[in-house]
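A structural walkthrough
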Amino acid sequence: MKLTLTEFVSLDGVSQGPGSPDEDTSGGFTAGGWFVPHMDQDFIDHAALWLRQSDALLLGRRTYDAFARDWPQITDPEDPFTALMNGLPKYVASNTLSEGSWNPTTILSGDIGAQLRELKSRQGREIQIHGSTTLAQSLFAAGLIDELRLVIAPVVVGSGRRLFPDSGTPAGLRLISSTTTPGGLALHTYQVTGSPGHATYTGVGDIPSH
């Protein structure tokens, strides 16, 4: 299986608290809910298509607690996410959680990287990370994430936790697909290719023709 990350980010790279003002106020963050004004049906359709490719979810402790609280309360039969979010196997990376309340849940603790490598070696489609920025940063640094799905909102938040912080891990990416929605969201899918390339520009002759 491959490990994919779906993350909502602002133009200045903030990924904290996209869904509501009180979603994540850690560190004194007060600008939550910045993503919601830009959601539209095109985005919902794309996100539902992505989720249908998942065989399991991988979440950090904070995201898991929020999802376990909220998703079981959604009962709208027309919601394209509810059955999958509630029914898919959940893996939680946590050294403090002993059991989960949102079943089926498996706790991963200790050497999480080794456990994920074993999970990735199994037959299947995708293990999907949703949100969970701190976990995503550590797994990206360890070279365990295969694909990024970034949904970029047309807003500059100005402060908050960023998916790619200063002094983060360099990486090369290949754009697989890109689209925009009427609400102004840019949906980019990238394959992680390893270390970034470097070169010196000396003129237009350097640019390959297509």
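Residue indices follow the written sequence of each chain, beginning from 1 at its first position. Owing to the predicted nature of the model, reporting of local features is limited to residues with pLDDT of at least 70; listing and counting of side-chain atom pairs is limited to 80 or more, with chain, interface and lining totals taken over all residues. As a convention, hydrogens and water are excluded, and side-chain values are obtained from all of the structure's heavy atoms.

The name given to the protein chain in an unreviewed UniProt entry is Deaminase, with Arthrobacter glacialis as the source organism.

**Thoughts on helix 4 (residues 112-120)**
Think of it in three bands: residues with accessible area under 20% of the maximum for their type are buried, residues over 50% are exposed, and the middle band is partly exposed, with areas taken using a 1.4 Å probe on protein chains only. Put simply, DSSP marks the helices as runs of H or I at least four residues long and the strands as runs of E at least two long, and each gets a number from the N terminus on. Every buried residue of helix 4 is accounted for by Ile112, Gly113, Leu116, Leu119 and Lys120. One side of helix 4 carries all its buried residues, which in axial view fall inside an arc of 120 degrees. Between two residues, a contact is recorded if the distance between any of their heavy atoms is within 4.5 Å. Where the residues of helix 4 are buried, they touch strand 1 (2-10), strand 2 (54-60), strand 3 (90-93), strand 4 (105-108), strand 5 (126-130) and helix 5 (133-141). Directions pointing from the helix axis toward each C-beta atom define the arc.

**A closer look at the UniProt feature "domain: Bacterial bifunctional deaminase-reductase C-terminal" (unreviewed entry) in the protein chain**
Summarizing the sequence annotation, UniProt attributes the feature "domain: Bacterial bifunctional deaminase-reductase C-terminal" (unreviewed entry) to residues 2-185 in the numbering used throughout. Structurally, residues 2-185 is divided into 24% helix and 24% strand, and its ends, taken at the C-alpha atoms, are 25 Å apart. UniProt positions are given in the numbering used here, feature names are shortened, and annotations may be inferred rather than shown by experiment.

**Let's talk about a nonpolar patch on the surface**
Patch membership requires more than 30% relative accessible area and the absence of a salt bridge. Residues of like charge join within 9 Å; the nonpolar side chains Val, Leu, Ile, Met, Phe, Trp and Tyr join within 5 Å. Here the Shrake-Rupley method, with its probe set to 1.4 Å, supplies the accessible areas, and only the displayed protein chains count as covering residues. Here, a salt bridge means any side-chain nitrogen of Lys or Arg that lies within 4 Å of a carboxyl oxygen of Asp or Glu. There is a patch of nonpolar side chains on the surface, built from Tyr201, Val204 and Ile207 and spanning about 370 Å² of accessible area. Mapped onto the fold, Tyr201 is located in the segment after strand 8 (186-194).

**Concerning the nonpolar core**
We call a set of buried residues a nonpolar core when its members are Ala, Val, Leu, Ile, Met, Phe, Trp, Tyr or Cys and they connect through side-chain atoms within 4.5 Å of each other. The biggest cluster of nonpolar side chains holds 27 residues, and the ones touching the most others in it are Phe81, Met85 and Trp102. Counting only elements with at least two residues in this core, the list comes to helix 1 (41-51), strand 2, helix 2 (61-70) and strand 6 (147-153). Here the element with the most residues in this core is helix 1; it accounts for six residues. One finds Leu58, Ala93, Leu116 and Leu139 within the second-largest nonpolar core, a separate group that totals 25 residues.

**With respect to the pairing of strand 5**
Most of strand 5 is tucked away: five of the five residues are buried. Where burial is concerned, the two faces of strand 5 agree: the one with Glu126, Gln128 and His130 and the one with Ile127 and Ile129 are both buried. Here strand 1 pairs with strand 5 via five bridges, running parallel. Directly across from Thr6, in strand 5, lies its bridge partner His130. A pair of strands counts as paired when DSSP detects no fewer than two bridges linking them.

**Side note on the pattern of salt bridges**
Within this structure, the stated rule accounts for eleven salt bridges. With a shortest N-O distance of 3.9 Å, Arg62 and Asp24 are connected by a salt bridge. With a gap of 38 residues between them, Arg62 in helix 2 and Asp24 in the loop between strand 1 and helix 1 connect regions that are remote in the sequence. Linked by salt bridges that have partners in common, Lys2, Glu126, Glu147 and Arg149 make up one network.

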